[in-house]
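# Examining the three-dimensional arrangement
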Amino acid sequence: MLGEVLTAIVTPFREDGAVDLDAFRSLCDHLLDNGSDGLVVTGTTGESPTLSDEERMSLYTAAVEVVGGRGTVVAGTGTYSTAHSVHLTEQADALGVDGFLVVTPYYNKPPQRGIVAHVEAVAAATGKPVIFYDIPSRVVVDAEPETISRLAEIPNVRGVKQAKPSLDAARHVVSCGLDLYAGDDDLILPFLEVGGVGGVCVHTHVVGPQVKELVTRYRDGDVEGARSLDEALRPAIELLRVQSNPIAIKKALELLGHEVGGLRLPLVEADEAETAAIRGCLERLGLLAAVA
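Cut-offs used in this document
Residues numbered from 1 in each chain as written. Predicted model: local features only at pLDDT ≥ 70, side-chain atom pairs only at ≥ 80, totals over all residues. Heavy atoms only, no water. Salt bridge = Lys/Arg side-chain N within 4 Å of Asp/Glu carboxyl O. Helix = DSSP H or I, 4+ residues; strand = E, 2+ residues; numbered from the N terminus. Buried < 20%, exposed > 50% of the residue type's maximum accessible area, 1.4 Å probe, protein only. Phe/Tyr/Trp six-rings, centres within 6.5 Å; stacked < 30°, edge-to-face > 60°. Lys NZ or Arg CZ within 6 Å of the ring centre and 35° of its normal. Contact = heavy atoms within 4.5 Å. Polar contact = N/O pair within 3.5 Å; in protein donor to acceptor, adjacent residues only side chain to side chain.

### What about the pattern of salt bridges?
- Inspection of the entire model under this criterion finds 21 salt bridges.
- A salt bridge links Arg25 to Glu65; its shortest N-O distance comes to 4.0 Å. Taken together, the residues Arg25 in helix H1 (residues 21-32) and Glu65 in helix H2 (residues 53-67) connect sequence positions 40 residues apart.
- With relative accessibility at 51%, the residue Glu65 sits in the exposed group.
- The closest approach of N and O atoms between Arg227 and Glu193, which form a salt bridge, is 3.3 Å.

Below is the structure:
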């Protein structure tokens, strides 16, 4: 297991649009001190489609340096190109990351056997753990139960990040002996209840300690306490729904004093109404004082 609470970290940018490695290191440090067992670097939240290979490698290097033995670094190396995914995985492996997140190839809509062949090829490029990312809302293709069963036969495929609410699919992941991670932040508790290990989260940028406490309470048998915390964290879920990820979470971090910069096109910054909604969620969470 690569950790219970993994944060899919944003990529900070400077005013000139370049990756801000100093701000990235600072954010890594903050997240590790505030509930995260590890970091997923260059996932969708990290704006991976707009990063060059060189930028990706600089982020992996920085994360490995900052994290040290305090947690894990999972590199998001999956793309819609198997050859490119293998190349990224080989390079990131050499830099010392702890594992890999490999998403269903997007846009080109492979058949189920193509998904298996893709993950098999990427997993063969490393001896480290691979987490398969099942997110049909973004990639269009839904990984079927038989596909998950076949992926579980690949020795170093150790888990699934499931970003769909199907509890039957979640139970199947667990029955295959794979670590189940919630890929949507509101699925953490439901997935814990069917045998999941935790989540690969976005809201933990701002509510990391609370999420870690939720998982700990559930593991310790305090189910009602976990449910109470889950309910208290509703505004953090609403925050993420204000606009496409990572627009809202970057604005939330900015409001809380973290220097993460803007976004790369085609993503755009939160507008005035969206910023007001994000601020409102942070106020309800008790993270910002209410503005008169």
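Read on for the rest.
### Quick word on the packing of aromatic side chains
- The tally for this structure, following the rule as stated, stands at one aromatic pair.
- Arranged with centres 5.1 Å apart and planes meeting at 75°, the rings of Tyr80 and Tyr106 form a pair that is edge-to-face. Linking Tyr80 in the loop between strand S3 (72-76) and helix H3 (82-94) with Tyr106 in the loop between strand S4 (99-103) and helix H4 (112-123), this pair joins segments that are 26 residues apart in sequence.
- Note on Tyr80: relative accessible area 48%, which makes it partly exposed.
- Directly above the aromatic system of Tyr133 lies the positively charged group of Lys161, at a separation of 3.9 Å from the ring centroid.

### Concerning the environment of Ile249
- Here Ile249 is to be found in helix H12 (residues 247-255).
- Along the backbone, Ile249 and Val207 are 42 residues apart, and their C-alpha atoms lie at a distance of 11 Å.
- When sequence neighbours within four positions are dropped, the list of residues in contact with Ile249 reads Val10, Thr45, Val202, His205, Val206, Leu239 and Leu240.

### Notes on the side chain of Thr11
- Residue placement: Thr11 occurs in the loop between strand S1 (5-8) and H1.
- Taking relative accessible area as the criterion, Thr11 reaches 1% and is therefore assigned buried.
- Side-chain polar atoms of Thr11 contact the backbone oxygen of Gly46, separated by 2.7 Å.
- For Thr11, the residues in contact, after removing those within four places along its chain, are Val19, Thr45, Gly46, Glu47, Leu51, Leu59, Lys250 and Val260.

Read these as geometric descriptors, not functional statements.
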